Amino acid sequence: MKVVVDRSACQGTGLCVAVAAEVFEIEDDGAAIAHHELVPAEWAQSVREAVSACPVGALRIVED
Amino acid sequence: MLVVGASIAGVRAVQALRRQGYEGTLRLVGDEDVPAYRRPELSKRFLAGDLSVDQIALATPADLDCDVLLNARATRLEVADQRVWIGDAGADPRPYRFDGLVIATGAHARRLRVPPMAGVHVLRTHQDAELLRAELATSPRVVVVGGGLIGCEVAATCRSLGLAVTIVEPTGALMSGAIGREVGARITELQSGHGVDVCVNCGVTELRGGNRVESVVTSGGREIAADVVVVGIGSEPNTSWLAGSGLPPATGVLCAPNLAVVGARRAVGAGDVVAWKSSGSARPVRMEHWENAVRQAETAAHTLLLGESAPGFDGTGGLFWSHQFDATLHVLGDPRAADEVRFLEDDPGRQRAVACYARDGRVMAFALLNSADWLGSAGRLVRQRAAMPLHGTGEPLRR
Ligand SMILES: Cc1cc2nc3c(=O)[nH]c(=O)nc-3n(C[C@H](O)[C@H](O)[C@H](O)COP(=O)(O)OP(=O)(O)OC[C@H]3O[C@@H](n4cnc5c(N)ncnc54)[C@H](O)[C@@H]3O)c2cc1C
Ligand code: SF4
């Protein structure tokens, strides 16, 4: 599973970091990045939660 | 299964029911005229610009596999018969039987108890925002009544548009209800620093004017000229349709720790409408933010599918955010007025603050002003209920 952040859509709300701090972080420009584009299986569930929580739909999962 | 309320909590509940394996029929009923949209944008970019409602539509998968009824209002719940009466597009209400019900009817804006007057607004729906936005185009003097999250965001948006803005707030600091006085003082500074006239310790005693509002009179006797007044004094849960259902009286729909509705079979609640009784606390709480609606929807769906034995909702790690001017505020956990507040970082020059809220020697919440780099570690400390004092504050604590 891969996760992609649309950084131009991201509003820096921090919800993804709150649910999956291992994977997401907010950079100095105020937008989120994913540390692991390829998400380790143990974090897959929290990444799905982050996708569902993101208020602007800036996160997308690409299943492989 | 029937989901009443077609905003974030309702839509996420539908998605969660499907994801968790429910294969039967699903109906989502909402009384607004458009599909779900991102309500937090109403005080931010939607108010500032010329976005249309479609541009703030909630991203939802195309294959929800759900029958959606818009312009349709639930008017009555019959607990014993497991029926909800629904009036579809103005037609007479008809009963719908359910095997499972999600109550996600959210809240509406509280209004001042004054006779209706042109120029006086609240902000909850896209129509509210469109009406307000249309008036902002005429360069009015804006007075915001109530310095909570929505009031502060409206003030920031209006000020950024170049308008003269005053906030009238009864407590000693902006947003003090949500984040306490100490951190609220930082928001007060932020707003004043951008030229908003912030009037704290100031109640509203009167709105003056004829057909249209002309001024706001404060408890201190000040009369503030106003072309537009925005009232942001909190919300009330949308429970009028539940009158007569026999559900226990509460401010909101009283729900058990796992979000099962108290006093009804096969019903759960999610989002702003819920008065949640956690297993630990004596009093039910209403949590009114986006992330709470999303997570409650997930738990509520689970409870509906699993039944009474479903595990409780985890209310410890909540988060809300706010954008005001170029600043971002993140609040994690549950700050209370009586908490001891410690600033781990405080840099007024850069409008940066990291505040930790402790109760009985344990970390209960964090407020981060322009400090998103703290989100990860603050979230961890709140979930762990870490013991105070935190040793080695600053750099080593982060990440
Ligand atoms: C201006 C504004 C700014 C905000 N900013 C932020 C922010 O920055 N950060 C944050 O975390 N949160 C913010 N919020 C809060 C957040 O938007 C809410 O917590 C969230 O919308 C709650 O979702 P909900 O689905 O529970 O309720 P709602 O969004 O209120 O939706 C309930 C839906 O049910 C419908 N309904 C009501 N009664 C009936 C009925 N009888 N029959 C059918 N349908 C019915 C309503 O019309 C509505 O569509 C903001 C809210 C507002 C108004
Ligand atoms: S939840 Fe969405 S908007 Fe918020 S920081 Fe993450 S990607 Fe950005």
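Residues numbered from 1 in each chain as written. Chains lettered and ligands numbered in written order. Predicted model: local features only at pLDDT ≥ 70, side-chain atom pairs only at ≥ 80, totals over all residues. Heavy atoms only, no water.

Draft legend 1. View of the overall build of chain A. Helix and strand counts for chain A stand at two helices and four strands. Here the C-alpha radius of gyration of chain A, 10 Å, is about what a compact globule of 64 residues would show, namely 11 Å. Based on the C-alpha atoms only, the size of chain A along its principal axes is roughly 30 × 20 × 15 Å. By sequence separation, contacts in chain A at least 24 residues apart represent 55% of the contacts at least 6 residues apart. Total accessible area on chain A stands at roughly 3000 Å², and carbon and sulfur atoms take up 47% of it. Taken as two groups, the 4 positive and 11 negative side-chain charges of chain A have centres that lie 8 Å from each other. (Helix = DSSP H or I, 4+ residues; strand = E, 2+ residues; numbered from the N terminus. Rg over C-alpha atoms; globule rule 2.2 N^0.38 Å. Contact = heavy atoms within 4.5 Å. Areas by Shrake-Rupley, 256 points an atom, 1.4 Å probe, with all protein chains shown as cover. Lys, Arg positive; Asp, Glu negative; His and termini not counted. Charge placed at Lys NZ, Arg CZ, Asp CG, Glu CD.)

Draft legend 2. Region of the structure containing the state of the cysteines. All names here are of chain B. Going through the model one piece at a time under the given rule, you end up with one disulfide over all chains. No disulfide involves Cys158; its sulfur sits 12 Å from the nearest other cysteine sulfur, which is in Cys152. Accessibility expressed as a relative area gives 0% for Cys158, which makes it buried. (Disulfide = S-S within 2.5 Å. Buried < 20%, exposed > 50% of the residue type's maximum accessible area, 1.4 Å probe, protein only.)

Draft legend 3. Broad picture of the packing of aromatic side chains. All names here are of chain B. One pass over the structure, following the stated rule, counts two aromatic pairs over all chains. Seen from their ring centres, Trp276 and Phe313 are 5.3 Å apart, and the 85° between their planes marks the pair as edge-to-face. Taken as a pair, Trp276 in strand β20 (residues 274-276) and Phe313 in the loop between α6 (290-306) and β21 (319-324) lie far apart in primary sequence, 37 residues in all. Of note, Arg133 hangs over the ring of Phe46, and the distance from its end group to the ring centre comes to 4.3 Å. Here the basic side chain of Arg186 rests over the ring of Phe343, its NZ or CZ set 4.5 Å away from the ring centre. (Phe/Tyr/Trp six-rings, centres within 6.5 Å; stacked < 30°, edge-to-face > 60°. Lys NZ or Arg CZ within 6 Å of the ring centre and 35° of its normal.)

Draft legend 4. Focus on the sheet that holds strand β13 (residues 204-209) of chain B. Residue and element names in this part refer to chain B. Across the sheet, three strands lie side by side as β13-β14-β15; this open sheet has antiparallel pairing. This sheet does not close on itself; its edge strands, each paired only once, are β13 and β15 (223-225). Across this sheet, the average inter-strand angle for adjacent strands is 25°, counted without regard to direction. Direction of pairing for strand β14 (residues 213-218) relative to β15: antiparallel, over a ladder of three bridges. Along β15, the bridge assignment pairs Val217 with Glu223. (Pairing = 2+ DSSP bridges. Axes fitted to C-alpha atoms, helices over the stretch in contact; angles between N-to-C directions.)

Draft legend 5. The arrangement of the site of ligand 1 in detail. Residues and elements named next belong to chain B. The full set close to ligand 1 counts 35 residues, and Asp31, Glu32, Arg39, Lys44 and Arg124 are the nearest of them. Between ligand 1 and Arg39 there is a distance of 2.7 Å, counted from an oxygen atom to a side-chain nitrogen or oxygen. Protein burial of ligand 1: of its 1000 Å² of free accessible surface, 96% is covered by the chains. Of all the secondary-structure elements, those providing two or more residues to the shell around ligand 1 are α1 (8-19), β4 (72-78), α4 (149-160), α6 and β21. (Near = heavy atom within 4 Å. Polar contact = N/O pair within 3.5 Å; in protein donor to acceptor, adjacent residues only side chain to side chain.)

Draft legend 6. Focus on the site of ligand 2. With respect to spatial proximity, 13 residues lie near ligand 2, and among them Cys10(A), Thr13(A), Gly14(A), Cys16(A) and Cys54(A) are the closest. Its residues assigned to classes, the shell around ligand 2 comprises nine nonpolar, four polar and no charged. (Nonpolar A, V, L, I, M, F, W, Y, C, P; charged D, E, K, R; others polar.)

Draft legend 7. Representation of unusual backbone geometry in the model. Residue and element names in this part refer to chain B. Phi is positive for Asn201, close to 55°, though the residue is something other than glycine. Assignment of secondary structure puts Asn201 in the loop between β12 (197-200) and β13. The exposed category is assigned to Asn201, whose relative accessible area is 53%. Even without being a glycine, Asp360 presents a positive backbone phi close to 50°. By relative accessible area, Asp360 is classed as exposed at 79%.

Draft legend 8. Examining the interface of chain A and chain B more closely. Listed per partner, the contact involves 16 residues of chain A and 18 residues of chain B. Between chain A and chain B the total buried area reaches about 1500 Å² when both faces are included, carbon and sulfur atoms providing 59% of it. If you look at where chain A meets chain B, you find zero salt bridges. Remark: the boundary between chain A and chain B carries six residue pairs in polar contact (both at pLDDT 80 or more). Looking at the side of chain A that touches chain B, the elements that each hand over two or more residues are α1 (15-19), β2 (24-26) and α2 (44-53) of chain A. (Buried area = accessible area lost by both parts, 1.4 Å probe. Salt bridge = Lys/Arg side-chain N within 4 Å of Asp/Glu carboxyl O.)

Draft legend 9. Here's a closer look at the confidence of the model for chain B. Looking at chain B as a whole, its pLDDT mean stands at 94, while 98% of the residues score no less than 70. Interface scoring of the predicted complex returns ipTM 0.93; its pTM is 0.95. (pLDDT = per-residue confidence, 0-100.)

Draft legend 10. Inspection of the environment of Glu288(B) at higher detail. Residues and elements named next belong to chain B. Here Glu288 shows up in the loop between β20 and α6. Each C-alpha atom, one on Glu288 and one on Val273, is 8.3 Å from the other, the two residues being 15 residues apart in sequence. Of the polar contacts made by the side chain of Glu288, one reaches the side chain of Ser235; its length is 2.3 Å. Here the side chain of Glu288 touches Arg286 through a polar contact of 3.3 Å, side chain to side chain.

Draft legend 11. Main features of helix α3 (residues 126-136) of chain B. Listed as buried for α3(B) are His126(B), Asp128(B), Ala129(B), Leu132(B), Arg133(B), Glu135(B) and Leu136(B). Where α3(B) is buried, its residues touch α2 (45-48), β9 (120-121), β10 (142-145), α4 and β16 (228-231) of chain B.

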